[in-house]
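Structural characterization, general
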Amino acid sequence: MKKSFLRRILLVGLGLTVFSQSCTDLEEELYSDITADNFFKNEEEFIAALGQAYAAFGGLGNHFNLWSINEISSDEIAISQKGGDWYDGGVLIQLHEHNFPANNGLFNSAWGMIYGGINTTNRLIYSFEQLGTPQADAFIAELRAVRALWYYWGMDAFGNIPLVTDFTDTEPPANATRQEVYNFIESELDAVIGLLPTEKTAATYGRMTKWAALAIKTKMYLNAEVYTGTAQWAKAADAAEQIINSGLYSLEPVYSDNFAINNQNSGENIYVYPYDKVFAGGFNWVMMTLHLASQTTFSLTQQPWNGYQTVEEFYNSYIDPVKNPGPQGDVWAGLALEPSEGTQDERLSNFLVGPQYNPDGTITQDPGVDAADPNGPDLTFTPALNELFPNGWRQGGARIGKYEIERGGTNNMSNDFVIFRLGDIILSLAEAKFRMGNTGEALVLVNQIRERAGVDPFATLTSDMLFDERGREMYVEMTRRQDQIRFGKWHDAWWAKAADPADTHEIIFPIPQPQIDSNDKLVQNPGYN
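Every chain is numbered on its own, with residues counted from 1 as its sequence reads. Owing to the predicted nature of the model, reporting of local features is limited to residues with pLDDT of at least 70; listing and counting of side-chain atom pairs is limited to 80 or more, with chain, interface and lining totals taken over all residues. To obtain the side-chain values, all non-hydrogen atoms of the structure were included, while hydrogens and water were left out.

**Re the overall build of the protein**
- Numbering of helices and strands runs from the N terminus; a helix is a DSSP stretch of H or I covering at least four residues, while a strand is a stretch of E covering at least two. When helices and strands are tallied, the protein shows 18 helices and ten strands.
- By the burial criterion, 60% of the 529 residues in the protein qualify as buried.
- Contact criterion: two residues are considered in contact whenever any of their non-hydrogen atoms come within 4.5 Å of each other. Across the protein, contacts joining residues at least 24 apart in sequence account for 70% of those joining residues at least 6 apart.
- In these tables, accessible area is a Shrake-Rupley quantity obtained with a 1.4 Å probe, and a residue counts as shielded only by the protein chains included in the view. Approximately 18800 Å² of the protein is accessible, and the part contributed by carbon and sulfur atoms is 51%. Only protein chains enter the area calculation, which uses a 1.4 Å probe; residues under 20% of their type maximum are buried, those over 50% are exposed, and those in between are partly exposed.

See below:
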């Protein structure tokens with residue numbers, strides 16, 4: 001399914017894409033020579049141009065981007081400084097400790113990614129508008145929904161961001177309020193949702209459909225009280241139910257199949273970015289999380305960087321201390337955890353833990369192991385982390401194993417990156433029902449997710465149970481920071497992070513300092529210097 005689509009839009013689009021690293025850098029070529037007479041004569045030419053908008057999502061799977069700032073600042077992920085490795089000017093430590101200076105380069109990278117996507121869609125909308133044809137109008141609707149997703153992510157991360165919709169306007173933009181951006185996203189999606197494709201086919205795979213747009217609305221309404229001060233639980237439930245009642249999507253019987261190397265046939269994934277190690281590279285998690293010696297474990301063509309680690313307490317949230325003794329009794333053999341006695345959460349496939357084995361069955365050796373590391377030279381990923389800096393254990397922390405790792409693979413993974421899927425929508429509906437007082441309906445929905453995970457159903461449901469279940473289901477899917485804020489957990493203490501001060505300004509990140517320096521109309525978010 002994905003390969004033909006990949007060749008149609010991503011390969012062509014990646015070759016044509018122009019990324020802007022600043023919202024104030026709006027001076028891209030205006031393509032005034034594109035007319036209905038000399039281009040856009042058939043659907044293939046429209047698709048080729050459209051690919052540029054979708055190629056912008058290719059940054060989600062690599063380091064120092066929007067995904068990174070969301071995950072490292074949450075209680076899911078840490079990157080400990082390992083001696084001389086991974087200090088990177090302290091920016092990663094700052095994120096995990098909730099010290100958010102405006103000059104942290106990760107914020108500027110994420111901002112550039114967001115506005116690169118917005119500028120590309122604005123340029124394409126402008127080009128298509130010059131044609132004034134019904135066919136062009138259909139693609140403009142699709143692009144407006146893509147742009148709405150970028151604005152949703154920008155509003156969620158940075159709050160008071162500029163609204164830039166006119167590609168020909170080169171004046172530096174001022175901030176809009178978070179409420180104004182929220183209203184814009186809602187109005188854009190309302191305007192185009194009836195014009196978007198409704199089918200689930202090879203032609204719509206990896207593209208913005210009605211159901212992907214409804215997923216944006218579901219997530220935005222779920223967090224509406226955070227964004228605007230007014231809860232929208234009924235609207236969240238309505239959008240989620242439209243997706244579920246379409247009958248087009250179903251939970252995959254095996255959770256990990258949603259993240260397999262060839263996951264294009266998942267019945268659960270609603271919207272993805274279709275990576276491919278040959279045609280659309282950039283999905284680098286295999287490099288970002290695995291140990292240097294894991295090159296031998298998986299026969300990789302390049303040596304990993306030994307970076308991203310799971311916070312121990314988060315990993316332990318999957319372990320039932322009565323029915324599953326946890327990591328002390330478990331052995332990670334290749335890609336499958338040997339079952340221990342009792343109920344085991346199948347979502348432990350999210351992690352790599354325990355001794356790591358070479359293809360010949362021997363234990364991978366770590367020749368550079370620290371003398372203080374309790375595992376010795378046998379490469380063993382332990383859930384425990386000793387310290388965030390300066391001498392974190394090089395083998396410490398469960399590693400990200402959510403997306404299947406290809407043996408003999410390259411630094412680029414071919415798994416399609418999941419942006420929205422049904423499991424999240426079901427849990428979002430459950431939460432909306434729960435918040436409206438329909439605990440019984442919410443419990444049934446949550447237990448659908450737990451049944452698929454192979455764990456016992458809940459008999460009752462509390463807010464904390466719902467929060468924990470979302471964590472187990474949605475690990476590293478760029479939702480944990482949102483969940484922590486929405487459930488009132490964001491200011492709590494967790495590993496290597498103290499409780500935040502009483503003020504709440506850190507629920508949004510600062511406007512990056514380079515953006516303010518280059519645009520005197522931008523005003524810093526409240527609470528930041």
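**Looking at empty space enclosed by the protein**
- Within this scheme a cavity is a closed region of a 1 Å grid, computed over the protein atoms alone, that accommodates a 1.4 Å probe without allowing it to escape, whereas a pocket is open but has protein on both sides within 12 Å along at least five of seven lines; lining residues each have an atom within 4 Å of a point. Grid points are joined across faces, edges and corners, and a volume is the space filled by probe spheres set on the points. On inspection of all chains with the given rule, the structure shows four cavities of 30 Å³ or more.
- Along the walls of the largest cavity sit 16 residues, with Trp153, Ile419, Glu477, Met478 and Thr479 positioned nearest its centre.
- Elements with a minimum of two residues in the lining of the largest cavity: helix H3 (66-72), helix H6 (134-158) and strand E10 (417-421).
- Counting residues per element, the lining of the largest cavity draws most heavily on E10, at four residues.
- Classification convention: Asp, Glu, Lys, Arg as charged; Ala, Val, Leu, Ile, Met, Phe, Trp, Tyr, Cys, Pro as nonpolar; all other residues, Gly among them, as polar. Its residues assigned to classes, the lining of the largest cavity comprises nine nonpolar, three polar and four charged.

**As for the pattern of salt bridges**
- Just to be clear on terms, a salt bridge is a Lys or Arg side-chain nitrogen sitting within 4 Å of an Asp or Glu carboxyl oxygen. One pass over the structure, following the stated rule, counts 30 salt bridges.
- Between arginine 486 and glutamate 431 there is a salt bridge whose closest N-O contact spans 2.7 Å. Of this pair, arginine 486 sits in helix H17 (residues 480-486) while glutamate 431 sits in helix H14 (residues 422-435), placing them 55 residues apart in sequence.
- When its relative accessible area of 9% is taken as the criterion, arginine 486 is described as buried.
- The partner of arginine 452 in a salt bridge is glutamate 473, with the nearest N and O atoms 2.9 Å apart. Of the two residues, arginine 452 is situated in helix H15 (residues 439-452) and glutamate 473 in helix H16 (residues 463-474); the sequence distance between them amounts to 21 residues. Residue arginine 452 shares its accessibility class with glutamate 473, and that shared class is buried.
- Residues joined in a network through salt bridges with shared partners are Glu268, Asp345, Arg347, Lys402, Arg421, Arg450, Arg452, Glu469, Arg472, Glu473 and Glu477.

**Quick word on the pairing of E10**
- Where burial is concerned, most of E10 is hidden: five out of the five residues are buried.
- Strand pairing follows a simple DSSP-based rule, namely that at least 2 bridges must link the two strands. Pairing geometry for strand E2 (residues 269-273) and E10, over four bridges, is antiparallel. Bridge pairing links tyrosine 271 to phenylalanine 420 in E10.

**As for H6**
- Under the 1.5 Å per step criterion, the end-to-end length of H6 is 36 Å for 25 residues, consistent within 8% with the ideal 36 Å.
- Where burial is concerned, most of H6 is hidden: 20 out of the 25 residues are buried.
- Note on H6: the residue one or two positions beyond its end, glycine 159, has a positive phi of about 75°. Multiplying one less than the number of residues by 1.5 Å gives the expected span of a helix.

**With respect to the packing of aromatic side chains**
- Here is the rule: rings of Phe, Tyr and Trp (six-membered ring for Trp) pair when centre to centre is within 6.5 Å. Planes less than 30 degrees apart are stacked, more than 60 are edge-to-face, and the remainder are tilted. In total, this model carries 40 aromatic pairs according to the counting rule given.
- Consider the rings of phenylalanine 46 and phenylalanine 139, whose centres lie 4.9 Å apart with planes at 10°: the pair is stacked. Taken as a pair, phenylalanine 46 in helix H2 (residues 43-55) and phenylalanine 139 in helix H6 lie far apart in primary sequence, 93 residues in all. Here phenylalanine 46 and phenylalanine 139 have matching classes, each one buried.
- Ring centres 5.3 Å apart and planes at 80° place the aromatic pair tryptophan 285 and tyrosine 403 in the edge-to-face group. Of this pair, tryptophan 285 sits in helix H11 (residues 285-289) while tyrosine 403 is found in the loop between strand E9 (399-400) and E10, placing the two residues 118 residues apart along the sequence.
- A relative accessible area of 3% means that tryptophan 285 is categorised as buried.
- When its relative accessible area of 4% is taken as the criterion, tyrosine 403 is described as buried.
- Geometrically, a charge over a ring is one whose NZ (Lys) or CZ (Arg) sits within 6 Å of the ring centre while staying within 35 degrees of the ring normal. The lysine or arginine in question, lysine 489, covers the ring of phenylalanine 467, its NZ or CZ lying 5.5 Å from the ring centre.

**Remarks on a negative patch on the surface**
- In this analysis, a patch consists of residues with relative accessible area above 30% that form no salt bridge, clustered at 9 Å for like charges and at 5 Å for the nonpolar side chains Val, Leu, Ile, Met, Phe, Trp and Tyr. All tallies of charge rest on Lys and Arg as positive and Asp and Glu as negative; His and the ends of each chain are not included. All charge positions are set by atom: Lys at NZ, Arg at CZ, Asp at CG, Glu at CD. On the surface, a cluster of negative charge is made up of Glu129, Asp137, Asp166, Asp169 and Glu171.
- Within the fold, glutamate 129 resides in helix H5 (residues 105-129).

**Comments concerning the environment of serine 187**
- Mapped onto the fold, serine 187 is located in helix H7 (residues 178-192).
- Overall, serine 187 belongs to the partly exposed group, its relative accessible area being 39%.
- In the structure, serine 187 is positioned 39 residues away from alanine 148 in sequence and 9.5 Å away in space, judged by C-alpha atoms.

**With respect to the nonpolar core**
- Think of a nonpolar core as a cluster: buried Ala, Val, Leu, Ile, Met, Phe, Trp, Tyr and Cys residues, connected wherever their side-chain atoms sit within 4.5 Å. Judged by nonpolar contacts, the single largest core of 152 residues is most densely connected at Phe57, Trp153, Phe158, Ile185, Met208, Trp285 and Phe417.
- Looking at which element gives the most residues to this core, the answer is H6, with 16 residues.
- Setting aside residues up to four positions removed in sequence, isoleucine 185 forms contacts with Ala148, Tyr151, Tyr152, Met155 and Met220.

**Some details on the packing of helix H8 (residues 210-222) against helix H10 (residues 233-245)**
- To get an axis, fit a line to the C-alpha atoms, keeping to the stretch in contact for a helix; angles then go from 0 to 180 degrees between the N-to-C directions. Where H8 contacts H10, the two axes come as close as 8 Å, and the packing angle between them is 155°. Relative to H10, H8 is oriented roughly antiparallel. Regarding H8 and H10, the two cross each other, and that crossing is left-handed. Where H8 approaches H10, its residues Lys210, Trp211, Leu214, Ala215, Lys217, Thr218, Tyr221 and Leu222 are matched on the opposing element by Trp233, Lys235, Ala236, Ala239, Ala240, Gln242 and Ile243. Any angle between 65 and 115 degrees counts as roughly perpendicular, while under 35 counts as roughly parallel, over 145 as roughly antiparallel, and the rest as oblique. Take the far helix as your reference; a near helix turned counterclockwise from it by less than a right angle gives a left-handed crossing, and one turned clockwise gives a right-handed crossing.

**Description of the side chain of threonine 364**
- For threonine 364, the location among the structural elements is in the loop between strand E7 (354-355) and strand E8 (380-381).
- In protein, a polar contact requires one atom able to donate a hydrogen and another able to accept it; more generally it is a pair of N or O atoms within 3.5 Å, and residues adjacent in sequence count only if both atoms are side-chain atoms. Among the polar contacts listed, one links the side chain of threonine 364 to the side chain of threonine 297, at a separation of 2.8 Å.
- Residues in contact with threonine 364, not counting those within four places in the same chain, are Ala293, Thr296, Thr297, Gln356, Tyr357, Asn358, Pro377, Asp378 and Leu379.

**A short note on the packing of H15 against H16**
- Taken N-terminus to C-terminus, the directions of H15 and H16 make an angle of 40°; their axes are 11 Å apart at the nearest point. Overall, the two elements H15 and H16 adopt an arrangement that is oblique. The chirality of how H15 crosses H16 is left-handed. On H16, the residues that touch Val446, Ile449, Arg450 and Arg452 of H15 are Leu466, Glu469, Arg472 and Glu473.
- By residue class, the composition of the contact of H15 with H16 is three nonpolar, no polar and five charged.

**Some details on the environment of glutamine 515**
- Along the chain, the position of glutamine 515 falls in helix H18 (residues 513-518).
- In this structure glutamine 515 comes out as buried when scored by relative accessible area, which is 2%.
- Sequence-wise, glutamine 515 and alanine 102 are 413 residues apart; in three dimensions their C-alpha atoms are separated by 9.7 Å.

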